[in-house]
Amino acid sequence: MRYMELREQLCDVCHKMWQLGWVAANDGNVTVKLPDGNFLATPTGISKSMITPEKLVIIDAEGRVLEGEPGYKPSSEIKMHLRCYREREDVGAVVHAHPPTATGYAVAGKSLDQYSMIETVIAIGSIPLTPYGTPSTDEVPEAITPYLAEHDVFLLQNHGALTVGADLITAYYRMETLELFAKISLAAHLLGGAKEIERPQIDKLLYLREHYYHVTGKHPGYKHYNKDEQ
Ligand code: 13P
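All values reported here derive from a predicted model rather than from experimental measurement.

### A look at the site of the ligand
Right, on to step 1. Around the ligand, a shell composed of Asn 26, Asp 27, Gly 28, Asn 29, Thr 44, Gly 45, Ser 75, Ser 76, Glu 77, His 96, His 98 and His 159 is seen.
Right, on to step 2. Contact between the ligand and Gly 28: an oxygen atom at 2.8 Å from a main-chain N or O atom of the residue.
Right, on to step 3. Within the complex, the protein chains bury 91% of what would otherwise be the 300 Å² of accessible surface of the ligand.
Right, on to step 4. For the shell around the ligand, the residue count by class is no nonpolar, ten polar and two charged.

### Thoughts on the environment of Leu 148
Right, on to step 1. Of note, Leu 148 is situated in helix H5 (residues 139-148).
Right, on to step 2. When neighbours within four sequence positions are excluded, Leu 148 is seen to be in contact with Arg 83, Cys 84, Glu 87, Arg 88 and Phe 154.

### Description of unusual backbone geometry
Right, on to step 1. The backbone of Ser 136 shows a phi angle near 80°, a positive value even though the residue is not glycine.
Right, on to step 2. Tracing the backbone shows Ser 136 in the loop between strand S6 (129-130) and H5.
Right, on to step 3. Take Ser 136: its relative accessible area is 33%, and that puts it in the partly exposed class.
Right, on to step 4. If you check the backbone angles, Asn 158 has positive phi at about 55° while not being a glycine.
Right, on to step 5. Tracing the backbone through its elements, the reader meets Asn 158 in the loop between strand S7 (153-156) and strand S8 (160-165).
Right, on to step 6. Among the residues examined, Asn 158 registers a relative accessible area of 42% and is labelled partly exposed.

The rules we used
Residues numbered from 1 in each chain as written. Predicted model: local features only at pLDDT ≥ 70, side-chain atom pairs only at ≥ 80, totals over all residues. Heavy atoms only, no water. Near = heavy atom within 4 Å. Polar contact = N/O pair within 3.5 Å; in protein donor to acceptor, adjacent residues only side chain to side chain. Areas by Shrake-Rupley, 256 points an atom, 1.4 Å probe, with all protein chains shown as cover. Nonpolar A, V, L, I, M, F, W, Y, C, P; charged D, E, K, R; others polar. Helix = DSSP H or I, 4+ residues; strand = E, 2+ residues; numbered from the N terminus. Contact = heavy atoms within 4.5 Å. Buried < 20%, exposed > 50% of the residue type's maximum accessible area, 1.4 Å probe, protein only.

Structure follows, in structure tokens:
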């Protein structure tokens, strides 16, 4: 089977998302860009705990299925993923999940765009709340497009979370960072509210963000996981 290491890495991400309680039933979807410009995608309607390499489908930039076992169609959210790749040449992977605390913010209609925690500023910057869209329709890609140029992590109103990255590990890490930040923000809220970092300090953190290759560029694991495609 082609792209076996990448398929296994994608399955690993799906299994982690389920183990972490970020998805129930068939929630969530993951895609990764292939060297030939096509995409490996999770199939629709399957628990992320049950994803195995042969169940993944290969699609083109229009969402047409190029390879896949009979009966497996690409995720119903594929238009949202393809829009991320279309708008951002640097994006190599997209992860969508419903991590409960981050999704709590999305459901409450609250963004997480305060610069209040050092690691989050460095790793993911600010996190906008994108407008409501009916899943699987063009409404979702349309809703996220204005935010794509400036952000790597998004809260989808009344829906869940979306992260992009140069590679799968980076996109996955960003979802982890988002959910931890959401938990910390909720704890801070209970304790009287988060205190924003002062602007000169924020600028220093944003400068660091530019120079941390593992959060803005490809993760060191990328080469290893993609060696079968060289
Ligand atoms: P799919 O099973 O089609 O990927 O949909 C899951 C989901 O999370 C919809 O938002």
